[in-house]
Amino acid sequence: MKEDESPEIPSYGIVIIGAGVSGLYQLYKSREIGVSALVLESGTDVGGTWYWNRYPGARFDSESYSYGYSFSQELLDEWDWQERFSAQPENLRYLQHVSNRFSLSEDIRFESIVTECIFDETCDEWEVHVEDGFRVRCRFLVTAIGILSKPLIPDFEGMDDFKGPSFHTARWPHDEVTFEGKRVGVIGTGATAVQLIQEVAKTSKQLTIFQRSPNWCAPLHNSPIESTEMADIRSRYDDIFERCRNSFSGFIHDSDRRRALEVSPEEREALYEELYASPGFGIWIGNFRDVLVDEQANATLTDFIAQKIRERVADPKLAEKLIPTDHGFGTRRVPMESGYYEVYNQENVLLVDLNETPIEKITTDGIQCSDREHPFDLIVYATGFDAVMGPYNSINFRGLNGRTLAEKWEAGPRTYLGLATAGFPNMFTLVGPHNASTFCNMPRCIEQNVEWVSTFIEQLFSSDIRRVDVEFEAEDDWTEHVHESAERMLFSKVDSWFMGVNKNIAGRDARTFMLYVGGLPRYTELCDEVARDSYRGFVMS
Ligand code: NAP
């Protein structure tokens, strides 16, 4: 596959960073367009998110059959999903199966942590440096590094003093971890913690949950997929993918055309009840079309969900602690659950409200809060990620005139279509900031990203163009469009990783929208328009 291999530095048409869902497909497509490609992957296996996040309870929030790749009929024919919302072990097996099926790992270099990517202006190539000293050159650099791939553990005093095991959920040990008879402390109550807590509560002797901010959670309603149902799903794959492509965020759920405020209270309640009892994200993104844009409409849904929490948590005071008061339902990522609230009715479970008794330090035996010490055998940090910017800031990307991407994006990302950024020629950012993939049933948007980038690269290879960069004006227009699309959504009024806010990182307190929320159909149309218009907004030389 190698284009030209000098003894010192091998050279490829494309270097892809990351062997998760996007990196694997980019490798497959690179082969299809006849361009040599190498993937650099930091893990020991393929899978990305599903390789790293192997904590008990990790599973899709997307319907499994809407998450798998759609590009290969063979894959669709031979893979049977076992559950409506498949769990991490099966998800990883699926991606391993994809890799084996197409012999992808032949072109993946594992345990390769990319540290630096430098654009060589003399020959319009990227030079990519790996931590172990390996270097590689390429004409095109494609980042497939995800947006939730850099785990973040806050800097608690005394963390190294704890004598038991402790780890972040996204760095879960590969060996089995049991909770049986153990005292377990979990810090965090985001989507990850909500999944994990339900598993830990089943067997632990004592589970203590440290909550700084409650989140609005909704029932997942997972169930097995029997073979007859799988056969039916298989016969409908074309429709399922078509439906996803036409929905706002690539899911099988799309918003109800009615507005919450224009129907009667009874009609409104009926839809809320129906969605609360239905599987998946319908309650969030398949709801009345004004609930994520209009505060009054959102309040009706928020009140409904609050009432559900009150009904499910036996202790009324505890229920109130689990109900967010600083943001409405759905204005942050909604964690999905299967009995999360009932966990708090168990005798072995304790909620510590960190607003009342903050963590002071980690001790040799556990966690010291302002009122008392909680002793543990195991501490889990479910404290999230340095989202969106973290993966990009972890690599020293140097573009034209030696400028770094970190410098360029210091005040927030600036991109064109969320796929490229001016001053960093011949580089494409799959699932990059300001890309529709960031608010999407990921694989659906990833396939769009990869196919668009691959068609472009194929055309560039067949011409004598050596360098493709972004026009600053096109970048300004896209960045403005991203912000405009966001402003009408209630997400933009709430602190969250969607808005680039992270209380654990100094200087990350100002809101700047990281995602593109103009919807997948609009995004696809805009990308296609750019391509049809001879890649308007790109400068080629
Ligand atoms: P997260 O949503 O950022 O949650 C992190 C949690 O840790 C929050 O409750 C946060 O509290 C808490 N925390 C952080 N620093 C803390 C500190 N210093 N002291 C006390 N608490 C602290 O991260 P996540 O749960 O890992 O989820 C991140 C994203 O991953 C999700 O939004 C979702 O997009 C994705 N995800 C997807 C799936 C799936 O598809 N099935 C599953 C899990 C996650 P504050 O809110 O107060 O900061």
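Residues numbered from 1 in each chain as written. Predicted model: local features only at pLDDT ≥ 70, side-chain atom pairs only at ≥ 80, totals over all residues. Heavy atoms only, no water.

Attention shifts here to the site of the ligand. With respect to spatial proximity, 26 residues lie near the ligand, and among them R59, T192, S213, W497 and N504 are the closest. In the environment of the ligand, an oxygen atom lies 2.9 Å from a nitrogen or oxygen atom belonging to the backbone of T189. Contacts to the ligand include A382, whose backbone N or O atom sits 3.2 Å from an oxygen atom. Counting residues per element, the shell around the ligand draws most heavily on helix α6 (residues 191–203), which supplies 3 residues. Residues belonging to the shell around the ligand are distributed by class as follows: 11 nonpolar, 9 polar and 6 charged. (Near = heavy atom within 4 Å. Polar contact = N/O pair within 3.5 Å; in protein donor to acceptor, adjacent residues only side chain to side chain. Helix = DSSP H or I, 4+ residues; strand = E, 2+ residues; numbered from the N terminus. Nonpolar A, V, L, I, M, F, W, Y, C, P; charged D, E, K, R; others polar.)

Attention now goes to the sheet that holds strand β17 (residues 378–381). An order of β8-β17-β9-β10-β13 is seen for the 5 strands of this open sheet, with the pairing classed as parallel. On the outer flanks of this sheet lie β8 (166–168) and β13 (349–353), each paired with one strand and no other. With direction set aside, neighbouring strand axes in the sheet form an average angle of 15 degrees. When β8 meets β17, the two strands line up parallel, connected through 3 bridges. Of the residues in β17, the one forming a bridge with H168 is Y381. (Pairing = 2+ DSSP bridges. Axes fitted to C-alpha atoms, helices over the stretch in contact; angles between N-to-C directions.)

All right, on to the pairing of strand β10 (residues 206–211) then. A regular strand places its side chains so that they alternate between the two faces of the sheet. Taken across its 6 residues, β10 has 5 buried, putting it largely inside the fold. In this structure, strand β9 (residues 183–187) lies alongside β10, joined through 5 bridges in parallel fashion. Looking at β10, one finds that V186 is bridged to I209. Across 5 bridges, β10 lies against β13 in parallel orientation. Bridge pairing in β13 links I209 to L351. (Buried < 20%, exposed > 50% of the residue type's maximum accessible area, 1.4 Å probe, protein only.)

Applying the stated criterion across every chain, the model contains 49 aromatic pairs. Ring geometry for W50 and F60: centres 5.1 Å apart, planes at 90 degrees, overall edge-to-face. Of this pair, W50 sits in helix α2 (residues 49–52) while F60 is found in the loop between α2 and α3 (64–67), placing the two residues 10 residues apart along the sequence. As far as burial versus exposure is concerned, W50 and F60 are alike and both buried. An aromatic cluster of three or more residues is present, and its members are Y25, Y28, W50, F60, Y67, Y69, F71, W79, W81, Y94 and F102. Here R109 stacks its cationic end above the ring of F134, 4.0 Å away from the centre of that ring. A cation sits over an aromatic face here: R139 above F461, 4.3 Å from the ring centre. (Phe/Tyr/Trp six-rings, centres within 6.5 Å; stacked < 30°, edge-to-face > 60°. Lys NZ or Arg CZ within 6 Å of the ring centre and 35° of its normal.)

By size, the foremost hydrophobic cluster in this structure holds 96 residues, and its most contacted members are L141 and F397. The residues contacting F397, other than those within four sequence positions of it, are I17, C117, L141, T143, Y392, R403, T404, L405, F424 and M427. Grouped together as the second largest cluster of nonpolar side chains are 67 residues, L24, F60, A422 and V450 included. (Core = buried A, V, L, I, M, F, W, Y, C linked by side-chain atoms within 4.5 Å. Contact = heavy atoms within 4.5 Å.)

In this model helix α1 (residues 21–32) runs 17 Å from its N-terminal to its C-terminal C-alpha over 12 residues, within 8% of the 16 Å that 1.5 Å per residue would give. Three or more residues of α1 are buried, namely V21, S22, G23, L24, Y25, Q26, L27, K29 and S30. Phi turns positive, to about 75 degrees, at G34, one or two residues after α1. (Expected span 1.5 Å × (residues − 1).)

Further remarks concern the sheet that holds strand β15 (residues 366–369). With antiparallel pairing, 3 strands are arranged side by side in an open sheet as β14-β15-β16. The open sheet has two free edges, formed respectively by β14 (359–362) and β16 (373–375), since each of these has just one partner strand. Strand-to-strand twist across the sheet, computed as the mean angle between neighbouring axes with direction ignored, equals 20 degrees. As judged from the 3 bridges shared by β14 and β15, these two strands associate in the antiparallel manner. Along β15, the bridge assignment pairs K361 with Q368.

For the rest of this paragraph, the subject is the pairing of β15. Hairpin geometry of β14 and β15 is characterised by an intervening segment of 3 residues between the two adjacent antiparallel strands. Direction of pairing for β15 relative to β16: antiparallel, over a ladder of 3 bridges. By the bridge assignment for β16, Q368 is matched with E373. From the end of β15 to the start of β16, which pair antiparallel, there are 3 residues.

The next thing to look at is the domain arrangement of the chain. Interfaces are often described in size by the accessible area the parts lose on coming together. Domains assigned within the chain are domain 1 (11–150 + 387–540), domain 2 (151–215 + 338–384) and domain 3 (248–329). Taking only C-alpha atoms into account, the centre of domain 2 sits 28 Å from that of domain 3. Here domain 2 and domain 3 share an interface that buries about 1000 Å² over both sides, 57% of which is from carbon and sulfur atoms. Looking only at domain 2, the three residues that lose the most surface to domain 3 are P214, Y341 and N345, adding up to 47% of its buried area. On inspection of domain 2 and its partner domain 3, the count reaches 2 salt bridges. Summed over the shared surface of domain 2 and domain 3, the result is 5 residue pairs in polar contact (both at pLDDT 80 or more). Elements with a minimum of two residues in the side of domain 2 that touches domain 3: α13 (340–343) and β13. (Domains from an automatic or database assignment. Buried area = accessible area lost by both parts, 1.4 Å probe. Salt bridge = Lys/Arg side-chain N within 4 Å of Asp/Glu carboxyl O.)

All right, on to the state of the cysteines then. Within this structure, the stated rule accounts for 1 disulfide. Sulfur-sulfur distance for the disulfide between C440 and C445 comes to 1.9 Å. A torsion of 80 degrees about the S-S bond marks the disulfide between C440 and C445 as right-handed. Classification of C440 as buried rests on a relative accessible area of 12%. We classify C445 as buried; its relative accessible area is 1%. Here C117 is not disulfide-linked; the sulfur of C138 is the nearest cysteine sulfur, at 7.7 Å. Owing to a relative accessible area of 0%, C138 belongs among the buried residues under this scheme. (Disulfide = S-S within 2.5 Å.)

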